[in-house]
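A structural walkthrough
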Amino acid sequence: MAAPNVLAIVLAGGEGKRLMPLTADRAKPAVPFGGTYRLIDFALSNLVNAGYRKIVVLTQYKSHSLDRHISQSWRMSNLFGSYIASVPAQQRVGQRWYLGSADAIYQSLNLVSDERPDIVVVVGADHVYRMDFSQMVDAHVASGSPCSVAAIRQPIGLADQFGVIQTEAGSNRIAEFLEKPKDPRGLADSPHEVLASMGNYVFDADALVDAVTRDAEKTDSKHDMGGDIVPDFVDRGLASVYDFKDNEVPGATDRDRAYWRDVGTMDSYFEAQMDLISVLPVFNLYNYEWPIIAAQDFYPPAKFVHGWQGTYGHAVNSIVSGGTVVSGALVEKSVVSPNVRLDSWAHVSESVLMDGVKVGRHAVVQRAIIDKFVEVPDDARVGVDPEEDRARGFLVTDSGITVVGKGQTIAR
């Protein structure tokens, strides 16, 4: 039996309001992560590693940075029809922008008709995980359902944070799709867990076209994939669940198998960065059997300089990217992006420094996220006193993470 023709659609049009100020100048999927990556690189890497090379990325808000990243970092050979195409909102059905993720697909149905796929894989662009989508497609075909929803097991106490899937007894057929339920039923084989939707779907192409077309005519719909399209399939008894625990990614370790993080808030974004840097990382970037692909900039290797008066440039339990110079500074438990400069006696701990950040002498940065090209002057303090940081106009999260956005100035 011939393999199905698969088109992948990446939904990358969200505003990412909860990640402000990091999304003040860029779309959420373009937010840097892990030193050399953007959030969208995880979804794209999973699709490409799974063998799917016909991918469209639907964009809308502040898409320039994202479009540039895709065009520069994800150039595919078209020898066998491969492509990754960034597609902005086109207003093909009227003078309006996308009303939701389902409407984004509806307004882009020309892409489906041009490709004429058998299967459409629909994924979000802002989660951190590894997944072999070819295994989900195989399970989808075997299920006989026109709609499959990927789900990850979560503690039942966290059910009110997710869309929760309840299945028919002894089946993977979805009986109910509950939005943030207060008292869900636990799984038969694990009563303390529920199945939470990951925002990844597989559809028979004709069924998806029919569903989003009908949804477009509904005046009471929010035109959302998870909120409207999936429940429509569930109500008709046509949706199955794919349990993420069954997905076997080559090279995965016991520690990072089934890792998935929704980095929708600043605290979750920060915590996911910290997951990268332990001795045995919670999420392992060094899995070369299933690599997360990133832009290959021409930076020289990172450099650690022995400064004067006994200062030593060194980093502990940290990621330090190319082009960075650690000159007599100490970096601990941090993620340092390319082309960062840290001067003598500076101390950076539990922080994320993005491209081009400069940290001056005797400066202290702790539990902070510093966006691109921000300069931390000599003797400055960031993250030391939350009230002082708030008074200077910086965001401080409830957990005490200080965030300095692009263009913000740090006084001594």
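Now for a quick tour of the structure.

1. Focus: the overall build of the protein chain
Helix and strand content of the protein chain: nine helices and 29 strands. Taking 2.2 N^0.38 as the reference for a compact globule, 412 residues should give roughly 22 Å; the C-alpha atoms of the protein chain span a radius of gyration of 22 Å, in line with that estimate. A total of 412 residues make up the protein chain; the buried ones form 54% of that total. Both charge centroids of the protein chain, one from 39 positive and one from 52 negative side chains, sit 5 Å from each other.

2. Quick word on the sheet that holds strand β21 (residues 347-349)
As summarised here, the arrangement of the five strands in space is β15-β18-β21-β24-β27, forming an open sheet in which the pairing is parallel. Every other strand in the sheet has two partners, leaving β15 (314-316) and β27 (381-382) as the edge strands with one partner each. Two elements, β15 and strand β18 (residues 330-332), share three bridges in a ladder whose sense is parallel. Among the inter-strand pairings, A315 is bridged to a residue of β18, identified as V331.

3. Section: the packing of aromatic side chains
Scanning all chains against the criterion turns up nine aromatic pairs. Ring geometry for F33 versus F42: centroids 5.6 Å apart, planes at 80°, classification edge-to-face. You'll find F33 and F42 in the same group, each marked buried. Where F203 meets F233, the ring centres are 5.6 Å apart and the plane angle is 45°; that geometry is what we call tilted. Placement of the pair is F203 in strand β11 (residues 193-204) and F233 in helix α7 (residues 225-235), with a sequence separation of 30 residues. On the basis of relative accessibility, which here comes to 0%, the residue F203 falls in the buried class. Put simply, the rings of F33, Y37, F42, Y259, Y269 and F283 touch in pairs and so form one group of aromatic residues. Just above the ring of F233 sits the side chain of R236; from NZ or CZ to the centre is 4.9 Å.

4. Focus on the pairing of β11
Among the twelve residues that make up β11, ten are buried, leaving the element largely enclosed by the rest of the structure. Sheet topology places strand β8 (residues 147-155) next to β11; eight bridges connect them, and they run antiparallel. Directly across from R153, in β11, lies its bridge partner L195. Here strand β9 (residues 163-167) pairs with β11 via two bridges, running antiparallel. The partner of I165 across the bridge, within β11, is L195.

5. What about the environment of R390?
Counting through the fold element by element, R390 comes out in helix α9 (residues 386-391). Considered as a pair, R390 and V403 are 13 residues apart in the sequence and their alpha carbons are 9.8 Å apart. If sequence neighbours within four positions are ignored, R390 has contacts with V396 and T397.

6. Considerations on the pattern of salt bridges
This structure, assessed with the given rule, holds 19 salt bridges. Residue E248 is joined to R257 by a salt bridge in which the shortest nitrogen-to-oxygen separation is 3.7 Å. For E248, a relative accessible area of 43% translates into the label partly exposed. For D389, the salt bridge identified is with R392, shortest N-O distance 2.5 Å. You can call D389 buried: its relative accessible area is 0%. A residue is classified by how much of its surface remains accessible, and R392, at 22% relative accessible area, is partly exposed. One connected set of salt bridges, linked through shared partners, spans R153, D189, E193 and D243.

What counts and how
- Residues numbered from 1 in each chain as written.
- Predicted model: local features only at pLDDT ≥ 70, side-chain atom pairs only at ≥ 80, totals over all residues.
- Heavy atoms only, no water.
- Helix = DSSP H or I, 4+ residues; strand = E, 2+ residues; numbered from the N terminus.
- Rg over C-alpha atoms; globule rule 2.2 N^0.38 Å.
- Buried < 20%, exposed > 50% of the residue type's maximum accessible area, 1.4 Å probe, protein only.
- Lys, Arg positive; Asp, Glu negative; His and termini not counted.
- Charge placed at Lys NZ, Arg CZ, Asp CG, Glu CD.
- Pairing = 2+ DSSP bridges.
- Phe/Tyr/Trp six-rings, centres within 6.5 Å; stacked < 30°, edge-to-face > 60°.
- Lys NZ or Arg CZ within 6 Å of the ring centre and 35° of its normal.
- Contact = heavy atoms within 4.5 Å.
- Salt bridge = Lys/Arg side-chain N within 4 Å of Asp/Glu carboxyl O.

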